[in-house]
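Take a look at the letters that make up each chain.
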Number of protein chains: 2
Amino acid sequence: MQEKERQCNDGGSRDNVNVNEGGNHETACFGKITVIGTGPGDTDHLSKKALEAIKSSQTVIGYSSYLKQIDGILSVAQERMPFNMKDEIKRCEAAVKKSMEGRDVALVSGGDAGIYGMSGLLLEIIEKKSLLGKIPVDFIPGIPAFCAASCAVGAPIMNDFCVISLSNLLTPWEDIEKRLRAASQGDFVIILYNPKSMKRKNELTIAKDILLETLDKDRPVAIIKAVTRPDEEIVITTLENMDKFDIVSMNTSIIIGNSNTYVKDFFMITKRGYGNKYNLDLA
Amino acid sequence: MQEKERQCNDGGSRDNVNVNEGGNHETACFGKITVIGTGPGDTDHLSKKALEAIKSSQTVIGYSSYLKQIDGILSVAQERMPFNMKDEIKRCEAAVKKSMEGRDVALVSGGDAGIYGMSGLLLEIIEKKSLLGKIPVDFIPGIPAFCAASCAVGAPIMNDFCVISLSNLLTPWEDIEKRLRAASQGDFVIILYNPKSMKRKNELTIAKDILLETLDKDRPVAIIKAVTRPDEEIVITTLENMDKFDIVSMNTSIIIGNSNTYVKDFFMITKRGYGNKYNLDLA
């Protein structure tokens, strides 16, 4: 077989991937797909590694609103492929298609791409196409929205915690209810994602009622909308009232404290146990 | 009162903090304390915001091993104050002292500073000293180790998850057991931090036995040591065997899949439900 001029990418990410090994060199010359979390919103929260991976890709694929957020760091030469919400499968298929054309692809996703993001679906689709281990893929972590949300109100996490999405688009609602009960019985700090959308209006109230089976109505709750973005808004309230605020939407994280959480001066703080351990007179 | 020449920091982080308002201007002229997560290890995973906050501080305080990791980004002019492990209270007290001397302080912590990090203890100590709302504080999120660990093996999280530390130094062991039971009953992806240390040898085996009350012995498990660091090591195994590997230490994250997790070609993937929703023939 004649050597092609264009060099194949070596993938770099996985020692056991060698796209040149065996098979038809021509068809095996895939571009690399890098799945990248773009963080909570403000691109100042991107890591150097994520930034460089985005800049060095030839095609950038993602939900249109996330592409808009990172547009300022892209060059005119980079191909942008924005997709609508819910078109996650089309995004992955486009990434695979571009890779098969030999182009390096950045598949971007808000927050961390491994948390309710694009990483898993991409791998499922690559596997379905029998290309797992052939297409070079890499995953670059990002700052999850809940970490930025937590920073915005002080230190509400600090100890063992759960993250639960209230969207039943992909997870059966009975699983969500089971997790809400388990999380409250385990005295975790509980973070709720996707508490409300255009179509889902009552889930947060149902979740509240489930949590109130176990937790006190005065349990501190922080509601953080659009964290790090220009329209950021924060409310600190109690479990009893957490469903009564207009700022709750798809872009809102809700942090429910555990039994060691308190609020002081608009800071939400979960004590981790230093006071007990060192016999300190901490609040 | 005569105006001092040196300008006070405005804090910037909280609208309701004004260190110049009332009181003695001289003593109220605090330096700002910024609590910063340094991420999983490799400084390429620092955000621009975290990097700039570290670089612009006059004094950098933290556990000696984290200070060593970021030493390359510090200037000779910056004061370094390394502390031993377990000296968390001393670190916070040093940060407060430096702030009271008018110096801007970066208090660094591995991963995200709000997850088992320094954020909460700093606030508790500032409150104990009746300085809450007086000392300007800011919190900058970092990439948690478990996000980098997840990226290293593909997409094991993807859906609702819990993070549980197996260290009973600050959390009573019975609380940890309760959380392990709740997490497995809720079918969460479960991430274990601090699975083992010099003094704690058997906790991971006890945790395994608790999880096996509910979960199948073949449940996929990823063990990721020192993620993004030169000594990174990865094992993909099953729940039954997760306590049998030497790489398990304080620097190891363990990710236990939920009922939708599978392993293929050294990738660990948690299906999120796209296959069911769109009637796709996904693996």
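Before any of the text, the structure's been laid out above.
Residues numbered from 1 in each chain as written. Chains lettered and ligands numbered in written order. Predicted model: local features only at pLDDT ≥ 70, side-chain atom pairs only at ≥ 80, totals over all residues. Heavy atoms only, no water.

A. Region of the structure containing the relation of the copies chain B and chain A. Least-squares fitting of chain B to chain A yields an RMSD of 0.0 Å, with the transformation described by 0.0 Å of translation along the axis and a rotation of 180 degrees. The transformation just described matches what one would write down for a two-fold rotation axis. Comparing contact sets, 100% of the residues at the interface of chain B also lie at the interface in chain A, consistent with an isologous, same-surface contact. (Least-squares fit on C-alpha atoms with pLDDT ≥ 70 in both. Contact = heavy atoms within 4.5 Å.)

B. Local environment of empty space enclosed by the protein. With the rule as written, the count across this model stands at two cavities of 30 Å³ or more. Asn159(A), Asp160(A), Arg272(A), Tyr116(B), Ser165(B), Ser167(B), Leu170(B) and Thr171(B) are the residues that line the largest cavity. Residues of the lining of the largest cavity, tallied by class, amount to two nonpolar, four polar and two charged. Considering only enclosed or pocket space, the second largest cavity measures out at about 30 Å³ in volume. Taken together, Ile143(A), Gly37(B), Thr38(B), Gly39(B), His45(B), Leu46(B), Ser47(B), Ala50(B), Pro141(B), Gly142(B) and Ile143(B) make up the full set of residues lining the second largest cavity. Tallied by class, the residues present in the lining of the second largest cavity amount to five nonpolar, six polar and no charged. (1 Å grid on protein atoms, 1.4 Å probe; cavity = no way out; pocket = protein on both sides within 12 Å on 5 of 7 lines; lining within 4 Å. Points joined across faces, edges and corners; volume = space filled by probe spheres on them. Nonpolar A, V, L, I, M, F, W, Y, C, P; charged D, E, K, R; others polar.)

C. Here's a closer look at the pairing of strand β4 (residues 105-109) of chain A. Residues and elements named next belong to chain A. In terms of burial, β4 is largely enclosed, as five of its five residues are buried. Side chains of β4 alternate between two faces, with Val105, Leu107 and Ser109 and Ala106 and Val108 buried alike. Examined bridge by bridge, strand β1 (residues 33-37) and β4 share five bridges and lie parallel to one another. Paired with Ile33 across the bridge in β4 is Val105. Pairing of strand β2 (residues 59-63) with β4, which is carried by three bridges, proceeds in the parallel orientation. Residue pairing across strands places Ile61 opposite Leu107, the latter belonging to β4. (Buried < 20%, exposed > 50% of the residue type's maximum accessible area, 1.4 Å probe, protein only. Helix = DSSP H or I, 4+ residues; strand = E, 2+ residues; numbered from the N terminus. Pairing = 2+ DSSP bridges.)

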